Amino acid sequence: MAEIDLFAPLSSLQWVERNLLKPNDYNPNKVSEENLALLIRSIETNGWTLPIVVRPDYTIIDGFHRWTVAGREPLRTKLGGKVPVVIVAHTDAAEDMYGTITHNRARGTHLLEPMKAIVKKLLDEGKDVKEIGRQLGMRPEEVFRLSDFSKDEFIALMAKGNTYSRAEILTRV
């Protein structure tokens, strides 16, 4: 096997017109609309941190979902119709498929205990449940399950800072 130039992809980094790229026909990775919205929020919050990996003919090896959201507003306008790409020239189609799968699998999944520690740290830092949910793409009940608070403690946390009027008893006469 030939030695791979590990620096080659990043040395090819460039911003190109999004419409030059085309998806591959074998990607098994699917993402919900909710997670695509989270990806848009991530790009708006952090900037574009990970280029799309393409073959020399601009077929996407990794980054289909980044390419997808780059075509949606507000990103299309904010990016001027461009996306960052790095080019990887494999010797055969199998290497492209291996690249797609290994990129997806290498990112892994979120494990329960580390996610609980993150939610706890955010709550300890005074972040509220709504903000955590919005930033991490979670519903309040997901934040609750990761928080290790009792139901009553969590309800009190959710109500913190909110004011409610006194209840009145209405009777029919």
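Now for a look at the structure at hand.

### Notes on the overall build of the protein
Helix and strand content of the protein: nine helices and four strands. Shown N-terminal to C-terminal, the secondary structure of the protein runs as helices and strands in the order α-β-α-β-β-α-α-β-α-α-α-α-α. In the protein, which comprises 173 residues, the share counted as buried stands at 29%. Within the protein, counting contacts between residues at least 6 apart in sequence, those at least 24 apart form 77% of the total. Total accessible area computed for the protein in this model is approximately 12400 Å², and 57% of it derives from carbon and sulfur atoms.

### Re the pattern of salt bridges
Evaluated as defined, the whole model comprises twelve salt bridges. Residues Arg 66 and Asp 62 are paired through a salt bridge, measuring 3.2 Å at the closest nitrogen-oxygen approach. Judged by its relative accessible area of 11%, Arg 66 falls in the buried class. A salt bridge links Glu 125 to Lys 121, with the shortest nitrogen-to-oxygen separation between them at 3.2 Å. What emerges from the salt-bridge pattern is a single network uniting Glu 34, Arg 139, Glu 141 and Glu 142.

### Section: a nonpolar patch on the surface
On the surface, Ile 4, Leu 6 and Phe 7 cluster together into a nonpolar patch covering about 420 Å² of accessible area. The residue Ile 4 is located in the segment before α1 (8-11) in this model.

### With respect to the packing of aromatic side chains
The tally for this structure, following the rule as stated, stands at two aromatic pairs. Here Phe 64 and Trp 67 contribute two aromatic rings whose centre-to-centre distance is 5.6 Å and whose plane-to-plane angle is 35 degrees, an arrangement assigned as tilted. Taken as a pair, Phe 64 and Trp 67 lie in helix α3 (residues 64-70) at a separation of three residues, close to a single helical turn. Residue Phe 64 is classed as partly exposed on the basis of its relative accessible area of 28%. Under the relative-accessibility criterion, Trp 67 is labelled buried at 12%.

Calculation notes
Residues numbered from 1 in each chain as written. Predicted model: local features only at pLDDT ≥ 70, side-chain atom pairs only at ≥ 80, totals over all residues. Heavy atoms only, no water. Helix = DSSP H or I, 4+ residues; strand = E, 2+ residues; numbered from the N terminus. Buried < 20%, exposed > 50% of the residue type's maximum accessible area, 1.4 Å probe, protein only. Contact = heavy atoms within 4.5 Å. Areas by Shrake-Rupley, 256 points an atom, 1.4 Å probe, with all protein chains shown as cover. Salt bridge = Lys/Arg side-chain N within 4 Å of Asp/Glu carboxyl O. Patch = residues over 30% accessible without salt bridge, like charges linked within 9 Å, V, L, I, M, F, W, Y side chains within 5 Å. Phe/Tyr/Trp six-rings, centres within 6.5 Å; stacked < 30°, edge-to-face > 60°.

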